[in-house]
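Summary of structural features
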Amino acid sequence: MLPASKTYGGLIDRLGLGKASLVFAGISAAIVAVVLLSPQWLAPLIPSSVERELGDALVGDFGGRFCDTPKGKAALAKLTRSLDDNPQDLQVEVANIDMLNAVALPGGKVLLFQGLLSQAKSPDEVAGVLAHEIGHVRERHVMQGLLRQMGLAVVLGGFDGSGGSTINSLLSTTYTRDSEREADDHSLKALKQANISPVGAADFFNRLASMDGSRDLKDRQARTMASYTSSHPLSDERRKLFENAVVKGSAYKPALTADEWQELKTMCAQDKDVKAGWGFDIE
Ligand SMILES: [Zn+2]
C-alpha cells in the first residue's frame, strides 16, 4: 500500500541510475556537438540586419579612432568600389592604430589599421589585403568566426559588449584554413576584375613572412601580437598563389593615383580630431 521508495526522484528512479546517467550524458554530448558544429550552418542563417546591428553595437565608432578627411575617404571609397560591386553594404574605415593589421567585423565592416597603410609600399598592396577582408565578409566568414570564438552568447546578446575584452576577441578572431583560401580566391578575382596587379599583394605577404621569421622571440611577439600574421598564416603557398595569378602582358592599372594614395596614407595624420593609440587594454 505504501508508495515505492524514492531515492533520486521520478525519472531517475524509473530508469535506474545507470540508464539515467547514460541518457543525460548523451544529451550533454549532443548539446556540445551542436555548439561546436553550429557556426558553419548557423552563421548564414543570421539575417544581415541582425549582423549589422551587432556590428554597430560591438564596434561603434571604435572609440573615435576612425580617420576622416574628405580626400582620404574619397580615395578609400574609390578603392572599395573598384574591388566590390555592392560597396554600399560595406563600411571600410582606417583605424588610427599603429598596428600592422586589417580585420573584417560583423555587418560588413572592414578596418584597415594605420600601421598597415604606413608599411604598405603601394596602393596595390592595400588593395590585395582589402579585397581579402571583403572576401571574408562576402563569404559570410565573419559570423562563423565569431560564433566559434565566443559561442552562441554573441548572438543571444548575453556577453558584455563593452570594454577591451570584446575588442580583443573581435580582433583575434581567426578563420579556418578553408575560409582563408576562399578569401584569397575572392581577393584574386576582385583584383582581376579591377585590373589591379596581384604582385603588390604578393610582395606584401612576402615582407610580412620575412618579418615573422625573425629569430628574436620577443621582437616577434611584439610584432605579431594582434597583427595580421597572427590571424593569417603566411605560407609560401599563399605568396605563390598571388605571384602566379599575374597575367604576363596585362596592362594593369595602379589601384589609386599617386595623389589619392598620398591622401589615403596620410589621412590619419591630417585628421586633427581623431583619437590615437590603442587604449583597449590588450594583453
Ligand atoms: Zn583572412
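Residues numbered from 1 in each chain as written. Predicted model: local features only at pLDDT ≥ 70, side-chain atom pairs only at ≥ 80, totals over all residues.

1. Section: the confidence of the model for the protein chain
- Confidence in the prediction for the protein chain averages 82 pLDDT; 80% of positions are at 70 or higher.
- The low-confidence segment residues 158–163, where pLDDT is below 50, has 8 contacts with residues more than four positions distant or belonging to other chains. (pLDDT = per-residue confidence, 0-100. Contact = placed C-beta atoms within 7 Å.)

2. Description of the packing of helix α4 (residues 70–83) against helix α15 (residues 258–265)
- The interhelical angle for the contact between α4 and α15, taken along N-to-C directions, is 115 degrees, at an axis separation of 8 Å. Between α4 and α15, the crossing angle belongs to the class labelled roughly perpendicular. Considering the relative orientation of α4 and α15, their crossing is left-handed. Residues Lys71, Gly72, Ala75, Leu76 and Lys78 of α4 form the contact with α15, whose own contacting residues are Glu260, Glu263 and Leu264.
- For the contact of α4 with α15, the per-class residue count stands at 3 nonpolar, 1 polar and 4 charged. (Axes fitted to C-alpha atoms, helices over the stretch in contact; angles between N-to-C directions. Helix = DSSP H or I, 4+ residues; strand = E, 2+ residues; numbered from the N terminus. Parallel < 35°, antiparallel > 145°, perpendicular 65-115°, else oblique. Left-handed = near helix turned anticlockwise from the far one by under 90°. Nonpolar A, V, L, I, M, F, W, Y, C, P; charged D, E, K, R; others polar.)

3. Digging into the environment of Gly145
- In this structure, Gly145 sits in helix α7 (residues 141–150).
- Overall, Gly145 belongs to the buried group, with 23 C-beta atoms counted inside 10 Å.
- Between the C-alpha atom of Gly145 and that of Gln40, which follows or precedes it by 105 residues, the distance is 9.1 Å. (Buried ≥ 20, exposed ≤ 12 C-beta atoms within 10 Å, placed from the backbone.)

4. Some thoughts on unusual backbone geometry
- Non-glycine residue Arg140 carries a positive phi angle of around 60 degrees.
- Take Arg140: it is sitting in the loop between α6 (123–138) and α7.
- Backbone geometry places Asn195, a non-glycine residue, at a positive phi of 60 degrees.
- Residue placement: Asn195 occurs in the loop between α10 (177–194) and α11 (199–212).
- Overall, Asn195 belongs to the partly exposed group, with 13 C-beta atoms counted inside 10 Å.

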